[in-house]
Amino acid sequence: MEYIKDFEKIVAEQIARVERMKISDEFVDFEKTDKIIIGIIDGDGIGPVIVKEAKRVLNELLKDELASCKIELRNIDGLTIENRIARNATVPADVLEEIKKCHILLKGPTTTPSKADNVPNIESANVTLRRELDLFANVRPVYIPEKNIDWVFYRENTEGEYALGSRGVEISDDISIDFKVTTTDGTKRIAKAAFEYAKSNGNKNVSIVTKANIMKKTDGKFLDLCYQVAKDYPDIKVDDWYVDIMAANLVNEQIRSNFNVFILPNLYGDIITDEAAQIQGGVGTAGSANVGARYAMFEAIHGSAPRMVSDGIADYANPSSILKASEMMLRHIGYTEKADKLSVALNYAQANKRMTGDSSGETATAFADCVLSRI
Ligand code: IPM
Ligand code: MG
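All figures in this text were calculated on a predicted structure; none of them were measured in a lab. (Residues numbered from 1 in each chain as written. Chains lettered and ligands numbered in written order. Predicted model: local features only at pLDDT ≥ 70, side-chain atom pairs only at ≥ 80, totals over all residues. Heavy atoms only, no water.)

Q: Just give me the short version of the packing of aromatic side chains, but keep the residues and values in it.
A: Enumeration over the complete set of coordinates arrives at eight aromatic pairs. Look at Trp-151 and Phe-153: their rings are 6.1 Å apart centre to centre, the planes differ by 75°, and that puts the pair in the edge-to-face class. Of the two residues, Trp-151 and Phe-153, neither departs from the other in class, the shared state being buried. Plain terms: the ring middles of Trp-151 and Phe-262 are 6.1 Å apart, the flat faces sit at 90° to each other, and that makes the pair edge-to-face. Of the two residues, Trp-151 is situated in strand E5 (residues 149-156) and Phe-262 in strand E10 (residues 261-264); the sequence distance between them amounts to 111 residues. Residues Trp-151 and Phe-262 agree in their burial class; the two are buried. (Phe/Tyr/Trp six-rings, centres within 6.5 Å; stacked < 30°, edge-to-face > 60°. Buried < 20%, exposed > 50% of the residue type's maximum accessible area, 1.4 Å probe, protein only. Helix = DSSP H or I, 4+ residues; strand = E, 2+ residues; numbered from the N terminus.)

Have a look at this one:
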């Protein structure tokens, strides 16, 4: 019955995490920060290919700030699958220490080994970083003006099925159990972030997405608390949906334009945002912001595509997603004009460069050259 002790430990850890959440609110005021340090993590697979292009674009966009040392672009090494396996650590301690010295991060995709890979059971680096840096809001915009689609997903980023995803228990050869965690503070802060965004953008509609009819304790709590937070925003129209029908709604052309802002627990947010990104033109086109009180990390929403590397076509990876993430990062630190400039240049490149993910299309470098031609 060793697992009963493990479960006690898990519960104690979650209680301690909630206590930490209650006391942490160290927001950074970027206007008052003398030097903003942007940590850049290449990642692995196609990561280095697309991050290299993002660096070229940022070096150009921020050349004055880099020259005057208002901003530093700092390479963070060591978050590669090889180093992580060699060190048997999801995020090696020295790498995490370097990361914590930065204000914000731009991160390429990192590979998560699966059970079949026959390597140590290391957790996804994304999940570890989101937890270690307490990046509770995963914000993913999907914008398709010609289809009248303007969606922003607020995915809870530190709880749900992900909080203990690597800590499930194999009770016996016959039974495995995983855990799902929902907390009051964890839910309220993601709901508040979503409603604040909706409010400051003209009271956009907010939709809560759960499976509260089945996951009664966790999703039930999530749903109740979102409605509780909604009471502070009486001018906002709120509704709620189960995740299965929401997956259908997104491809229902009759109604999908009515949706604006979504609040979702972690796993549903993961799945629904890939679907939404596909509607926009593929996961290669969508950026993602992981935002906490102290830190923020910006990344592509897709993985490291190891198959593109083994097939020898990594150079054809689409850097749009990481460039979109760069745009979100610039907006986060208050560089709105530069973010707008990048957005226009990115739209131009998307309209003029055909990215297919193989040699029938353009390379990442050719795409970034096109972006740079408009900056
Ligand atoms: C994402 C990714 C990650 C997730 C993986 C890489 C762990 O799919 O950012 O959506 O599941 O959150
Ligand atoms: Mg995902």
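Q: Requested: an account of the site of ligand 1, with residues and values cited.
A: Near ligand 1, the surroundings consist of Ser-124, Asn-126, Arg-130, Arg-140, Arg-155, Tyr-162, Asp-270 and Ile-301. A distance of 2.7 Å separates an oxygen atom of ligand 1 from a polar side-chain atom of Arg-155. Between Tyr-162 and ligand 1, the recorded distance is 2.6 Å, taken from a side-chain N or O atom to an oxygen atom. In the complex, the protein chains occlude 80% of the 320 Å² of accessible area that ligand 1 would expose alone. Considered class by class, the residues forming the shell around ligand 1 number two nonpolar, two polar and four charged. (Near = heavy atom within 4 Å. Polar contact = N/O pair within 3.5 Å; in protein donor to acceptor, adjacent residues only side chain to side chain. Areas by Shrake-Rupley, 256 points an atom, 1.4 Å probe, with all protein chains shown as cover. Nonpolar A, V, L, I, M, F, W, Y, C, P; charged D, E, K, R; others polar.)

Q: Let's hear about the environment of Val-11: which residues, and what values?
A: Structurally, Val-11 can be placed in helix H1 (residues 2-23). Along the chain, Val-11 and Arg-87 lie 76 residues apart, while their C-alpha atoms are 28 Å from each other.

Q: Break down the domain arrangement of the chain for me, citing the residues and quoting the values.
A: Splitting the chain by domain gives domain 1 (24-135 + 292-375) and domain 2 (136-286). Computed from C-alpha atoms alone, the centre-to-centre distance between domain 1 and domain 2 is 23 Å. At the interface, 20 residues of domain 1 touch 21 residues of domain 2. When domain 1 packs against domain 2, close to 1500 Å² is buried across both sides, 51% of that on carbon and sulfur atoms. (Domains from an automatic or database assignment. Contact = heavy atoms within 4.5 Å. Buried area = accessible area lost by both parts, 1.4 Å probe.)

Q: Would you mind going over the sheet that holds strand E2 (residues 71-76) in detail, with residue names and values included?
A: The strand order E2-E1-E3-E12-E11-E4-E5-E10-E8-E9 describes an open sheet built from 10 strands, whose pairing is mixed. The sheet is open, and its two borders are formed by E2 and strand E9 (238-242), each paired with just one other strand. Across the sheet, the axes of successive neighbouring strands diverge by a mean angle of 20°, strand direction being ignored. For E5 and E10, the ladder comprises four bridges, and the chain directions are parallel. Across the sheet, Arg-155 pairs through a bridge with Leu-264, a residue of E10. In the packing of helix H10 (residues 266-280) onto the sheet, the strands contacted are strand E4 (137-144), E5, strand E8 (206-210) and E10, and the crossing angle to E5 comes to about 155°. (Pairing = 2+ DSSP bridges. Axes fitted to C-alpha atoms, helices over the stretch in contact; angles between N-to-C directions.)

Q: Provide a residue-level description of the pattern of salt bridges, including the pertinent values.
A: In this structure the tally under the stated criterion is 28 salt bridges. With a shortest N-O distance of 3.0 Å, Glu-123 and Arg-131 are connected by a salt bridge. Take Glu-123: its relative accessible area is 12%, and that puts it in the buried class. A residue is classified by how much of its surface remains accessible, and Arg-131, at 34% relative accessible area, is partly exposed. The shortest N-O distance in the salt bridge between Arg-130 and Glu-299 comes to 2.9 Å. Within this pair, whereas Arg-130 is found in helix H6 (residues 125-132), its partner Glu-299 is found in strand E12 (residues 296-300), the two being separated by 169 residues in sequence. One exposure class covers both Arg-130 and Glu-299, and it is buried. Through salt bridges with shared partners, one network takes in Lys-324, Glu-327, Arg-331 and Asp-340. (Salt bridge = Lys/Arg side-chain N within 4 Å of Asp/Glu carboxyl O.)

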